[in-house]
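Analysis of the macromolecular model
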Amino acid sequence: MKEPNNDKLAGLFRKMPLDNPPEGFDSRLMEKIAGLAAEKQSRKARHTQTLRTWTLAAGIAAIIAVPAIILFVLGFTFDASKIPSLDIPIAVGGNSVFGLIAVAVLMLTVTDTLLRRHMNNKHKR
Amino acid sequence: MTEFDDIYYIRLVRNGNTNAFGHIVQRYQRMVYTTVAKIVETREEAEDITQEVFIKVFQSLDKFRAESGFSTWLYRIAYNTTITAVRKQRANYISLDDITQKYPDDELSDEIDSFNTEEQLHYLDTVLKMLPPEDAQIITLYYLNNSSVNEISGISGLSSSNVKVKLHRIRKFMNFELNKLIDK
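Everything in this summary refers to the structure shown in the same document. (Residues numbered from 1 in each chain as written. Chains lettered and ligands numbered in written order. Predicted model: local features only at pLDDT ≥ 70, side-chain atom pairs only at ≥ 80, totals over all residues. Heavy atoms only, no water.)

1. Focus: the overall build of chain A
Per the secondary structure count, chain A includes three helices and zero strands. Written out in order from the N terminus, the α and β elements of chain A read α-α-α. Of the contacts formed within chain A by residues at least 6 apart in sequence, a portion of 50% connects residues at least 24 apart. Accessible area of chain A: about 9500 Å², with a carbon and sulfur share of 65%. (Helix = DSSP H or I, 4+ residues; strand = E, 2+ residues; numbered from the N terminus. Contact = heavy atoms within 4.5 Å. Areas by Shrake-Rupley, 256 points an atom, 1.4 Å probe, with all protein chains shown as cover.)

In structure tokens form, the structure reads like this:
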């Protein structure tokens, strides 16, 4: 879009100087920016930490659950009386999967408690 | 060259060098501040809005995909932020689309030359503040920042033909109102 040659309005705008922001504008702004950057950084760190915790928990769960599922699919049942050397008085009746799940839940609870304690300590520091 | 420098500093900021953002602020603050100051009433308001613009730019820097130039992208944020901020305070503006139909197609009177620069700029400021914020920004970008119609289209989200029509109406309005002020 071409300006008309006699565009006096354009001439007026050309005389208009660019204003400088008030003194200290840069420093005030950069202070806020630094605060935002720090917040972003800590958010990122928290996210990474959460991701690590979940990965660890999922790994532990998988270590326990995968063999349990395989045993369940293969129809393996555990009867302690068939292992003479163990000499366990009560035979684990029914399906061993339930026993394994109970162990898994216990281990996850312990892991969760330990991780929470670790993260709390880190946060306090 | 400027775009190259902008991209260089953007990369630094994205890599965690927050201080590099200072270079971007230095480069654009005067234009953003001036554009905003022409619309709002006080310098404090202009400073607050300009700060908000740069904070948004910083927070959105990861989203900049270089599909448009960096300056266009930054001015788009400034344009939208300013309009939202100004509209929060003053919701009622007359649309130029309706009123300029009654206005004559007069050019700015030669009498403007009889005033000194300070007076001329005072008149220009007065008329700019009468405009709706969108229109004030469009005309300021066009004349003060020398943005092309296509660039303004990219900044405002309006089509190029719409920008041309708007520029015509804004000029008509401004010439009329400036002539009125000169005649007083």
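2. Things to note about the nonpolar core
In globular proteins that are soluble, nonpolar side chains generally tend to be buried together. Core analysis: the largest hydrophobic core is formed by 74 residues, its most contacted members being Phe13 of chain A together with Phe21, Phe70 and Met174 of chain B. Element by element, the count of residues in this core is highest for helix α4 (residues 70–89) of chain B, at 10 residues. When sequence neighbours within four positions are dropped, the list of residues in contact with Met174 of chain B reads Leu9 and Phe13 of chain A together with Leu124, Val127, Leu128, Leu131 and Ile139 of chain B. (Core = buried A, V, L, I, M, F, W, Y, C linked by side-chain atoms within 4.5 Å. Buried < 20%, exposed > 50% of the residue type's maximum accessible area, 1.4 Å probe, protein only.)

3. Quick word on the packing of helix α7 (residues 133–143) of chain B against helix α9 (residues 160–183) of chain B
Residue and element names in this part refer to chain B. Two elements in contact, α7 and α9, have axes whose closest approach is 10 Å; the angle formed by their N-to-C orientations is 95 degrees. With respect to α9, the element α7 is oriented roughly perpendicular. Contacts between α7 and α9 involve Asp135, Ile138, Ile139, Tyr142 and Tyr143 on the former and, on the latter, Lys166, Leu167, Ile170, Arg171 and Met174. When grouped by side-chain class, the residues that make up the contact of α7 with α9 number seven nonpolar, no polar and three charged. (Axes fitted to C-alpha atoms, helices over the stretch in contact; angles between N-to-C directions. Parallel < 35°, antiparallel > 145°, perpendicular 65-115°, else oblique. Nonpolar A, V, L, I, M, F, W, Y, C, P; charged D, E, K, R; others polar.)

4. Examining the interface of chain B and chain A
Each partner contributes to the interface: chain B provides 46 residues, whereas chain A provides 29 residues. With both sides pooled, the region where chain B packs onto chain A buries about 3600 Å², and carbon together with sulfur makes up 67% of that total. Of all residues in chain B, the largest losses of buried area upon contact with chain A belong to Arg30, Gln51 and Tyr143 of chain B, amounting jointly to 18% of the total for that side. The interface formed by chain B and chain A includes six salt bridges. Between Arg171 of chain B and Asp7 of chain A there is a salt bridge, with the nearest N and O atoms lying 3.8 Å from each other. Ranked by residue count, the leading element in the side of chain B that touches chain A is helix α2 (residues 21–37) of chain B, at 10 residues. (Buried area = accessible area lost by both parts, 1.4 Å probe. Salt bridge = Lys/Arg side-chain N within 4 Å of Asp/Glu carboxyl O.)

5. Looking at a nonpolar patch on the surface
Residues and elements named next belong to chain A. On the surface, a nonpolar cluster with roughly 400 Å² of combined accessible area is contributed by Val66, Ile70, Leu74 and Phe76. Within the secondary structure, Leu74 sits in helix α2 (residues 25–74). Using a relative accessible area of 68% as the deciding quantity, one classes Leu74 as exposed. (Patch = residues over 30% accessible without salt bridge, like charges linked within 9 Å, V, L, I, M, F, W, Y side chains within 5 Å.)

6. Observations concerning the packing of aromatic side chains
Residues and elements named next belong to chain B. Inspection of the entire model under this criterion finds 10 aromatic pairs over all chains. Judged by centre distance (5.2 Å) and plane angle (65 degrees), the ring pair of Tyr8 and Tyr9 falls under edge-to-face. Seen in terms of ring centroids, Tyr142 and Tyr143 are 5.1 Å apart; in terms of plane orientation they differ by 65 degrees. Their pairing is edge-to-face. Neither residue differs from the other here; Tyr142 and Tyr143 are each classed as buried. An aromatic cluster is defined as three or more aromatic residues linked by ring pairs; in this entry it consists of Tyr28, Phe64, Phe70, Trp73 and Tyr75. (Phe/Tyr/Trp six-rings, centres within 6.5 Å; stacked < 30°, edge-to-face > 60°.)

7. Some thoughts on the pattern of salt bridges
Throughout the structure, instances matching the rule amount to 15 salt bridges over all chains. In this structure, the salt-bridge partner of Asp62 of chain B is Lys40 of chain A, at a minimum N-O distance of 3.1 Å. One end of the pair, Asp62 of chain B, is in the loop between α3 (43–60) and α4; the other, Lys40 of chain A, is in helix α2, on a second chain. On the accessibility criterion, Asp62 of chain B (39% relative accessible area) is partly exposed. Residue Glu177 of chain B pairs with Lys180 of chain B through a salt bridge whose shortest N-O separation is 3.4 Å. Separated by three residues within a single helix, Glu177 of chain B and Lys180 of chain B lie in helix α9, roughly one turn from each other. Members of the salt-bridge network, linked through shared partners, are Lys8 of chain A together with Asp110 and Asp113 of chain B.

8. Focus: α3 of chain B
When the terminal C-alpha atoms of α3 of chain B are compared, their 26 Å separation across 18 residues agrees well with the 26 Å that a helix rising 1.5 Å per residue should span. Turning to α3 of chain B, its buried residues are Glu45, Ala46, Glu47, Ile49, Thr50, Gln51, Val53, Phe54, Ile55, Val57, Phe58 and Ser60 of chain B. (Expected span 1.5 Å × (residues − 1).)

9. Points about the environment of Val25 of chain B
Structurally, Val25 of chain B can be placed in helix α2. Separated by 74 residues in sequence, Val25 of chain B and Ile99 of chain B have C-alpha atoms that sit 38 Å apart. Once you skip the residues sitting within four places of it in the chain, Val25 of chain B turns out to touch Phe25, Leu29 and Met30 of chain A together with Phe54 of chain B.

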